[in-house]
Each structure stands twice: as C-alpha cells, then as structure tokens.
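Next come the chains, spelled out residue by residue.
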Amino acid sequence: MTEKRPRSSVASAAVDNNALHPEDTVIRRVSVAVPNFAGLSAEAKNATAQEHEMGFVQALKLYPKAVGWSMLLSLAIVMEGYDIVILSSFYALPQFNKKYGVPLPDGTYTIPASWKSGLSNGALCGEIIGLFINGIVSEKYGYRKTMIVSLFAMIGFIFIQFFAPNVQTLLIGEIFCGIPWGIFQTLTTAYASEVCPVALRAYLCTYVNLCWVMGQFIASGVLRAVLSREDQWAYRIPFAIQWVWPVPILIGAFLAPESPWWLVRQNKVAEAKHALLRLTTRNDPTFNADATIAMMRHTNEVEKQISAGTGYLDCFKGYDLRRTEITCVVWVIQTLCGSTFMGYSTYFYQQAGLPTESSFDLSMAQYALGMIGTFSSWFLISRAGRRTLYLYGSVILCALLLVIGFVGIAPASNIPSRWAIGSMLLLFTFIYDISVGPVCYALVAEMTSTRLKAKTIVLARNAYNISSIVVNILTTYQLTPKPEGWGWAAKSGFFWAGTCFACVIYIYFRLPEPKGRTYGEMDVLFERGVSARKFKSTKLDIFRGDHILPVADGNGDSESEKGVGIKNGASEFMEKM
C-alpha cells in the first residue's frame, strides 16, 4: 500500500520576469504546513495592497489608538536620556562632589577619574544585561508583561540612587537602573513597529529618538533650576524626579493591548484579532481585520520556512546574517559619526568666557534644536526615504567635522574660534537629529524579520552600547589636555570626520531602502539577495513562487506539478524535492 503524502496547495504558473517572488521551495513548504494556504494568501494579498494604498492621514484615522499607546509606552526612553545628562552634569556640582568624592589639597572635593568612568559606564553595563534579558523574556511573555515588570523594577531601583550613602552604592544603583533602561531601549521600538501600518511605522519609531532628546532637555531644565541650591537637594531633587515617569507609563502598560504580531507568533490568532481591533477605529468600512491578521500569519509562516529558529544564534544564520549585520552597523554609526562631540558645545563656550549659567542655557537650546530636528525628520522621511536621509545626513556631518577640525587648529586663546566651534556643534546637533539620530530607530525596526525582531534589535543596541564605551574613552583622551590626555581638543574633528566618511561608504553600499515595504516584502528581498541599492526599485509579488502559486485545496496535482516543473526548466527545484 502506497503511503499518502500531504498534498501541497500549489500549481504551476507562468513566470513574471518583471517581479521578484519567493523561491518555489518556500511556497511549497508553507503550502504543506498551513491548511488552506491559498485562502490565507488571497486575504494577505488584499491586506498588503491596502497597506500600500494607505496614506498618512488615512492611517492616522484608522490607527489613532495604536499611535496613542505607542507614544505612551515610548515615554519610558525619557528616563534614560534624563539620567545620562544629570549624572554627567553632577560631576561639576560641588554638593555632589562633597558627598561622593574625595578631598583635594585646596579644600575642594572631586570624584576620582576611575569612579567617574565607573558611574558613566555602569549604566551601560546594566543596559547590556537588560537588553539580553529583554530578547528572551519579551518574546516568551509578551511586550506588555515585560514592560510592567521593568517599570516596577525601575521604581525600586531609583531608591538606591536617591538614598545612596556612598559612591559604591551609587554605582550599584546605576547598574541596576541600567537593566530596565536596556529593556526599554528595544521593547519600545519593537512595539511601535508592530502596532501600526507601514504608513505610520517610521514616525512612531523615530518618536523614540524624540523621547530620548526630551529626557535630555528636561534634565537640563531641572539642573538649571537647582543650580543655585547649596544643599544636598541640589542632586537629590533631580534623582527624585525620576519617579514621575514610571507611574503613568505603568498604568498605560496595564491598559494597552499586546502586539498582534507577537500574538500571531504565539499562534493566538483570536487574541491577535482582538488586540488589532483595540488598536484601530471601530466600524471602519475600509478595514478588514481578518485580512490584516492573514497578512501577519502569511509573513510569519513564510519566515518559518526561510529561518525556522528564533534564538540568538539564528540571527547569524542564512539570510538573517545580512539583516543582523546591517541592523548592528546602522546603530553603531550613531556613535562613529561624531555624535560624541555634541555634548561638548558648552565646554567650548566656557572656553570662550561664557558664564556657567549661560552655558546651561545654551545646552537647553541645543536639546531644543534636537527636538526640532526630529520633528523636521518626519516631513522628510516620507518623501526622501530612510536610506537617503541617513546617507546625506552623514555626508553633511562629515563636512561639519572637517570644519570643526580646521577651526580647531587656531590656538585656544583665539576666542572667536571657540565661538565658531560651539556654534558648529549646535548646527551638528540639528543635522544629526534630522537624519542619523531619529532615522536609525526606523531602520533597525524595519531591517529585522518579525520572528527575530527583539533579538536582532538587542544585538544591535548592545553593539551601540559597546561602541559608546569605546568612543567615550577615546573622546575623553582627545579632549583632556596633556599630559593626562592627548590634547587634541577640536582637532579631534579630523579623526571623527574619518570615521564618519567610513560610515558614508558603508551606507552607500550596504544599507537598503525599506520605505513603503511590508515585513513580508522585506523578507523576500533579503531572501533573494537583492542589492541594497535596488531595494527601492525592485518589483515584488510575494504571494507566489517563481513557477508555482497557491491554489485552493484539492486543485493541485502532484504529478502535473512535476511535469510542469520540468517543462519550465526547474530541474534544480525537482532535484531538491
């Protein structure tokens, strides 16, 4: 008796030379694994077409609740941007130095260089731990539960900072606070990219960068307000203000719907539809929730056949290796493009003789420029695209760094040169936050496969954190006068112009354009090895193979499929079968 094998719901079809398709073997395997794959493909195709036709205004009307939930949860990033600024600014605060520092011969106090380095990098170490935890926990338990637990932990860890009796305890507080910050860094980006359609994806992902800049701006304002205090509350108040953020975000996390993409990956299709309906406007005649869920299921099933695993090692296998490389380098570019210089504009203004209070005012203006830049990027990202903004933004940053380097050749006693350097850095901040700063968050969310999204973003952000540690050490030596440092001062602009130029070369040859592409389309583009420069122009049909397409169950005939496969010259395909 002959064994009855599962029948694949596919049939032969003429090849469309103008469109790129998934490989026949992928379509064949999915059709065997998924019952009624033809019906699923048809619904998914309709939903994909609707996403392509959906404009910004229409998407905003259909997904207003998704925008609201995403913006609320992304506010968690404000806390990280806030702490980075207050901690580095505390080193210039006499009250903070007296509490946690050591006495000097002249009667003043200072934090030893080793402890400064430890405190600054302690949070980064905690973030690396938190990032790896998030890659595992969020995929197992969901984004909501991971966010809720992290926010509770954040509330508790702030107590360590606030009541720290010595610098050792403060370091422990920084490391522990870094763990939830690391979780927030990737979880908010992943959630934003999964609850909205293609038309809104870039805006909600770049909003994460806006939250980071907002945290820095708020910290500068708080520090400016407590500058006149001479007691311990000059540093305790800024620490205490961190408790303002977790509570409202925690309430939002309790009420927010889970990502429908995550629920589909867990095979909870009914719950995914319920979550999708909570994210969209009810009773919209143009919206078909079942078709949108079918698109998510289709993408998920195809990704299973392209890359079955969901572990960290799977990020370095097959087609996902290229995606992981691009995602990691895109985030590392944020550190190598010279962004480390942005925090030193006040340093050069003070060299020019500007009072400390006025320097703080200018730092607030700098962060305000960053916010304006992020808003401006929203108008450009939908027109120019991600790749174009990243490429030309990096080119302009490279030019500005060269200008800073040449101006830095003038001696420090040349006051106008110090003003020029500080002003160039303000312009640098605006260009950075209109291009590389915010667009990075859209790119890292769109380059990954949906099944490996959390883990790929974790690897990319950790690459960023590690490179940040190296860059911070280099910058410290570059700007510290001899003999303790290298004494390069503003001439360091030449060095960072060189690294930025290397980034430009990489972007041109390796960074694809994901604008307007669904996750399923990105899967096929990477699967077929399309050149980065051709992502934008390649025509796609992801719902059929090169020689076969899904048909209703019962219409396919395995023998006829074999015959047509050979007739069409698909001998390699038949050998695999």
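Residues numbered from 1 in each chain as written. Predicted model: local features only at pLDDT ≥ 70, side-chain atom pairs only at ≥ 80, totals over all residues. Heavy atoms only, no water.

Draft legend 1. Local environment of the environment of I457. Structurally, I457 is set in helix α22 (residues 453–479). Taking the relative accessible area as the measure of exposure, I457 reaches 0% and is therefore buried. With 325 residues separating them along the chain, I457 and F132 place their C-alpha atoms 10.0 Å apart. Those residues in contact with I457 that lie beyond four places of it in its chain are T186, T189, A190, W331, V444, A445 and T448. (Helix = DSSP H or I, 4+ residues; strand = E, 2+ residues; numbered from the N terminus. Buried < 20%, exposed > 50% of the residue type's maximum accessible area, 1.4 Å probe, protein only. Contact = heavy atoms within 4.5 Å.)

Draft legend 2. The arrangement of the environment of A463 in detail. Topologically, A463 is positioned in helix α22. When near neighbours in sequence (up to four residues on either side) are disregarded, A463 contacts C328 and V332.

Draft legend 3. Fine view of the packing of helix α2 (residues 37–53) against helix α15 (residues 289–306). One way to put it is that α2 packs onto α15 with a least axis distance of 7 Å and a crossing angle of 110°. Accordingly, the angle class assigned to the pair α2 and α15 is roughly perpendicular. On α15, the residues that touch F37, L40, S41, E43, A44, A47, T48 and E51 of α2 are D290, A291, T292, A294, M295, R297 and H298. The class makeup of the residues in the contact of α2 with α15 is seven nonpolar, four polar and four charged. (Axes fitted to C-alpha atoms, helices over the stretch in contact; angles between N-to-C directions. Parallel < 35°, antiparallel > 145°, perpendicular 65-115°, else oblique. Nonpolar A, V, L, I, M, F, W, Y, C, P; charged D, E, K, R; others polar.)

Draft legend 4. Structural context of the pattern of salt bridges. Across all of its chains, the model carries eleven salt bridges by this definition. Note that E139 is salt-bridged to R265, the shortest N-O span being 3.0 Å. Linking E139 in helix α7 (residues 113–141) with R265 in helix α13 (residues 260–265), this pair joins segments that are 126 residues apart in sequence. Judged by its relative accessible area of 8%, R265 is buried. A salt bridge links K273 to D290, with the shortest nitrogen-to-oxygen separation between them at 3.1 Å. (Salt bridge = Lys/Arg side-chain N within 4 Å of Asp/Glu carboxyl O.)

Draft legend 5. Helix α16 (residues 319–336), seen in detail. With 18 residues, α16 should cover 26 Å at 1.5 Å per step; its first-to-last C-alpha distance of 26 Å lies within 8% of that length. For α16, the tally of buried residues reaches 13 of 18 residues, placing the bulk of the element in the interior. Of the residues trailing α16, G338 is marked for its positive phi of about 95°. (Expected span 1.5 Å × (residues − 1).)

Draft legend 6. View of unusual backbone geometry. Residue N36 is not a glycine yet carries a positive backbone phi of 50°. Its location among the elements puts N36 in the loop between α1 (24–33) and α2. According to the relative accessible area criterion, N36 is partly exposed, its value standing at 41%. In this structure, N267 takes a positive phi of about 60° despite not being glycine. Positionally, N267 belongs in the loop between α13 and α14 (269–279). Its relative accessible area of 55% is what places N267 among the exposed residues.

Read these as layout, nothing more, since geometry by itself doesn't imply function.
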